[in-house]
Amino acid sequence: AAATNRKLTAITKGYNQGFDRVEIPQDEWIYDETKNELYHYQNGVFETHAVIQRTANTHIQRRVFYAHHSLKVPAKESIPVHVERGTNGTLMIREVISTEPFQWKQIVSQSEIERSIIQRNKRHLQQVHCEGGPSTRQPLQQLSDLDSADMD
């Protein structure tokens, strides 16, 4: 029965295999000129920073962005940039690295793949706590507190 179950599972769901590669952006900072948004790749996720003021200034380097962020995936046409942090916590594009869209690099080392996935999952799961998701509010918080007390 177990062998039949394995065969049926393989037919319907395919064989489960580990990742043989993951892709991450080559650059830490990326700018989407169309949406006027700045992206920071950190711990497996893209943090997007909104522009403080929309001006008629056509120089990308003059754009200033808020330090706080939300999570969002950048458009494929976004370009790599260098960013500097202002003394007041704002972000400013210092230099455009390339006018070509940002590129991805493949990671094939199993230890690096594992590290990248763990970083991403940790950051993703922390998002609920950081942003005050449903499980951090009553009545779910009370249930979580009771479960924690039962484990002691």
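Preceding this paragraph is the structure being described.
Position numbers for residues count from 1 along each chain, tracking the sequence in the order it is written. Given that the model is predicted, a residue must reach a pLDDT of at least 70 before its local features are reported, and side-chain atom pairs must reach 80 or more before they are shown or counted; all residues, however, enter totals for whole chains, interfaces and linings. Hydrogen atoms and water are omitted, and side-chain values are computed over all heavy atoms in the structure.

Now for the layout of surface pockets. Here a cavity denotes grid points, spaced 1 Å and computed from the protein atoms alone, that fit a 1.4 Å probe unable to get out, and a pocket denotes an open set having protein on both sides within 12 Å along at least 5 of 7 lines; residues with an atom within 4 Å of a point are the lining. Grid points are joined across faces, edges and corners, and a volume is the space filled by probe spheres set on the points. Its volume calculated, the largest pocket comes out at about 390 Å³. Taken together, 18 residues form the lining of the largest pocket, with Glu23, Tyr41, Gly44, Val45 and Arg120 sitting closest to its centre. When contributions to the lining of the largest pocket are tallied by element, the ones reaching two or more residues are strand 1 (22-25), strand 4 (45-50), strand 9 (104-107) and helix 2 (110-131). Runs of H or I in DSSP of at least four residues are treated as helices and runs of E of at least two as strands, each being numbered from the N terminus. At five residues, helix 2 tops the list of elements feeding residues into the lining of the largest pocket. When the residues that make up the lining of the largest pocket are grouped by side-chain class, the tally is 11 nonpolar, three polar and four charged. Throughout this entry, Asp, Glu, Lys and Arg are counted as charged residues, while Ala, Val, Leu, Ile, Met, Phe, Trp, Tyr, Cys and Pro are counted as nonpolar. The remaining residues, Gly among them, count as polar.

Here the focus is the pattern of salt bridges. Whenever a carboxyl oxygen of Asp or Glu lies within 4 Å of a side-chain nitrogen of Lys or Arg, that contact is scored as a salt bridge. All told, the structure shown has three salt bridges when counted by the stated rule. When the shortest N-O distance is used, the salt bridge between glutamate 112 and arginine 115 registers 2.9 Å. You can see glutamate 112 and its partner arginine 115 sitting in helix 2, three residues apart, about one turn around the helix. Assessed through its relative accessible area of 31%, glutamate 112 is described here as partly exposed. The partly exposed category is assigned to arginine 115, whose relative accessible area is 40%. Partly exposed describes any residue whose relative accessible area lies between the buried limit of under 20% and the exposed limit of over 50%, with all areas from a 1.4 Å probe on protein chains only and scaled to the type maximum.

Attention shifts here to the sheet that holds strand 8 (residues 91-96). A pair of strands counts as paired when DSSP detects no fewer than two bridges linking them. Read from one edge to the other, the open sheet built from seven strands follows the order 5-8-7-2-3-4-6, with strand pairing classed as antiparallel. Taken across any chain shown, the strands that pair with only one partner, and hence form the sheet edges, are strand 5 (64-65) and strand 6 (70-71).

Below, the discussion takes up the pairing of strand 7 (residues 79-85). Bridge count between strand 2 (residues 29-32) and strand 7: two bridges; the pairing is antiparallel. Paired with tyrosine 31 across the two strands is isoleucine 79, which belongs to strand 7. The pairing of strand 7 with strand 8 spans five bridges and is classified as antiparallel. Bridge pairing links valine 81 to valine 96 in strand 8.

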